[in-house]
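# Secondary and tertiary structure notes
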Amino acid sequence: MIVVMRTDASEEQIEAVAAKIRELGFRDRAIRGVERTVVCVLGQVYPELMDELMVLDGVETVLRVSKPYKLASREVHPMDTVVRVGGLEIGAGRVVVMAGQCSVDTEEFTMATARAVKEAGAHVLRGGAFKPRTSPHTFEGHGKKGLELLAKAKAETGLPIITEVLDPRDVELVAEMADILQIGSRNGQNFALLKEVGRTNKPVLLKRGMWATVEEWLLAAEHIMSQGNHNVILCERGIRTFETATRFTFDVNAIPWVKRESHLPVIADPSHGTGRWYLVEPVALAAIAAGADGLLIEVHVSPDHALSDGAQSLTPQNFARLMERLRVLCQALGRPLHPPVAQAAARGDGQPL
Ligand code: PEP
Ligand code: MN
């Protein structure tokens, strides 16, 4: 961090800034230019320090030169992180697809959807058992019973499971069954929950808060990683803008930006990012072209009967078509689709499922 002094700052003011920096436990170094002086703050700075220094007399501005996120940053960890889920490798250059219902509903629909996404080539089955809903008067998920249905679908298909956890008190229960814990957009700054999943050893898919800047999103990852769990997968799922034609605005810019800044894998969720089933395929392909390591897609065998997000859920036919186009795109990009899970496990290039 550097403190830029005003051109008319006095020697006393410069010395007072340097003294404050030392008082706060940092080292200081003044660089005297022809017109003005800047004072460097040396040490592990924190974001609030900017405000603490900005108010001092003679200060023009305070600038950050290193990143506020450390563990998630490429500055500290230049190589890509690969998150392993059984035989699956997320972030290793092959595209991974997670697909399934928004919320787990009936056994019949859940099993049929699981079979359909497996058949089309998905690698991970998604399904919400604990659902964050804007209104408390809508379906909030089957909870533990939903987890049991997902376990049944996993037993039959062999697909690992991703499911959301909403409450720090449920982390242990959800982590017993899930292969990947999902942190939803609404919990992107629920620091108690982020820390709690950070104390598990399960991979965590961290959705971007719908109001979060990319920097706040990486700082949320930092909260998880600060507790020792470095198996974090980032997920762009669209942000709030003035646009109302779509449910959210999928921020394709965020994908190459985050891939450049961070070593963590990045997944795209064009289902929530658009809110319309007919926009899911083009935006999914755009996200992969922009460098995403994979996709999270809502699919339902009967979207009209889905208990949440039917309007953005693909039918199995439309999902199979997306997978076909994705296969072609991935080949063209030189980042092929990850082989099917069972095949990957059989080849022994990961831990057994
Ligand atoms: C979901 O994946 O079903 C979900 C609720 O997503 P988000 O947190 O992105 O809204
Ligand atoms: Mn949903």
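Look up: the structure comes first, before these words.
Residues numbered from 1 in each chain as written. Chains lettered and ligands numbered in written order. Predicted model: local features only at pLDDT ≥ 70, side-chain atom pairs only at ≥ 80, totals over all residues. Heavy atoms only, no water.

## Section: the pattern of salt bridges
Applying the stated criterion across every chain, the model contains 26 salt bridges. The partner of Asp8 in a salt bridge is Arg6, with the nearest N and O atoms 2.9 Å apart. For Asp8, a relative accessible area of 54% puts it in the exposed group. For Arg94, the salt bridge is made with Glu89, and the minimal N-O distance between the two is 3.7 Å. Take Arg94: its relative accessible area is 22%, and that puts it in the partly exposed class. (Salt bridge = Lys/Arg side-chain N within 4 Å of Asp/Glu carboxyl O. Buried < 20%, exposed > 50% of the residue type's maximum accessible area, 1.4 Å probe, protein only.)

## Quick word on the site of ligand 1
In the vicinity of ligand 1 lie 13 residues, with Arg126, Ser185, Arg186, Lys207 and Arg237 positioned nearest. One nitrogen or oxygen atom from the side chain of Arg126 is found 2.8 Å from an oxygen atom belonging to ligand 1. In this structure, His272 approaches ligand 1 through a side-chain N or O atom, which is 3.3 Å from an oxygen atom. A total of 300 Å² of accessible area belongs to ligand 1 in isolation, and the protein chains cover 97% of it. (Near = heavy atom within 4 Å. Polar contact = N/O pair within 3.5 Å; in protein donor to acceptor, adjacent residues only side chain to side chain. Areas by Shrake-Rupley, 256 points an atom, 1.4 Å probe, with all protein chains shown as cover.)

## Looking at the packing of helix H7 (residues 214-225) against helix H8 (residues 254-261)
In contact at an axis separation of 11 Å, H7 and H8 are set at 50° when each is read in the N-to-C sense. Looking at the two axes, H7 sits oblique to H8. Our pair here, H7 against H8, has a crossing hand that is right-handed. Along its contact with H7, which presents Val214, Trp217 and Leu218, the element H8 presents Ala254, Trp257, Val258 and Glu261. Looking at side-chain class alone, the contact of H7 with H8 contains six nonpolar, no polar and one charged residues. (Axes fitted to C-alpha atoms, helices over the stretch in contact; angles between N-to-C directions. Helix = DSSP H or I, 4+ residues; strand = E, 2+ residues; numbered from the N terminus. Parallel < 35°, antiparallel > 145°, perpendicular 65-115°, else oblique. Left-handed = near helix turned anticlockwise from the far one by under 90°. Contact = heavy atoms within 4.5 Å. Nonpolar A, V, L, I, M, F, W, Y, C, P; charged D, E, K, R; others polar.)

## Overview of the packing of helix H10 (residues 277-289) against helix H11 (residues 316-333)
With their axes 10 Å apart at the nearest point, H10 and H11 run at an angle of 20° to one another. Taken together, the axes of H10 and H11 lie roughly parallel to each other. In this structure, H10 crosses over H11, and the sense of that crossing is right-handed. For the pair H10 and H11, contact is made by Trp277, Glu281, Ala284, Leu285, Ile288 and Ala289 and by Asn318, Arg321, Leu322, Arg325, Leu326, Leu329, Cys330 and Leu333, respectively. Residues that form the contact of H10 with H11 fall into these classes: ten nonpolar, one polar and three charged.

## As for the sheet that holds strand E3 (residues 37-42)
Backbone hydrogen bonds are what pair the strands of a sheet, in a parallel or an antiparallel way. Pairing within the open sheet is antiparallel, and its four strands lie in the order E2-E3-E1-E4. At either end of the open sheet lies a strand with only one pairing partner, and these are strand E2 (27-32) and strand E4 (59-63). When strand polarity is set aside, the average angle formed by the axes of neighbouring strands in this sheet is 20°. Where strand E1 (residues 2-5) meets E4, four bridges bridge the pair, whose relative direction is antiparallel. By the bridge assignment for E4, Met5 is matched with Val59. (Pairing = 2+ DSSP bridges.)

## Points about the sheet that holds strand E13 (residues 266-268)
The eight strands are arranged E7-E8-E9-E10-E11-E12-E13-E14 in a closed barrel whose pairing can be described as parallel. For this sheet, the mean inter-axis angle between neighbouring strands, taken without regard to orientation, is 25°. As paired elements, strand E8 (residues 124-128) and strand E9 (residues 161-164) share two bridges and run parallel to each other. Its bridge partner lying in E9, Arg126 is registered against Ile162.

## Section: the nonpolar core
Residues Ile90, Leu206, Leu234, Ile297 and Phe319 are the most contacted members of the largest nonpolar core, which totals 81 residues. In terms of residues, this core owes the most to one element, H7, which gives seven residues. Setting aside its immediate chain neighbours within four residues, Phe319 contacts Val97, Ala99, Val117, Ala120, Ala122, Ile297, Val299 and Leu314. (Core = buried A, V, L, I, M, F, W, Y, C linked by side-chain atoms within 4.5 Å.)

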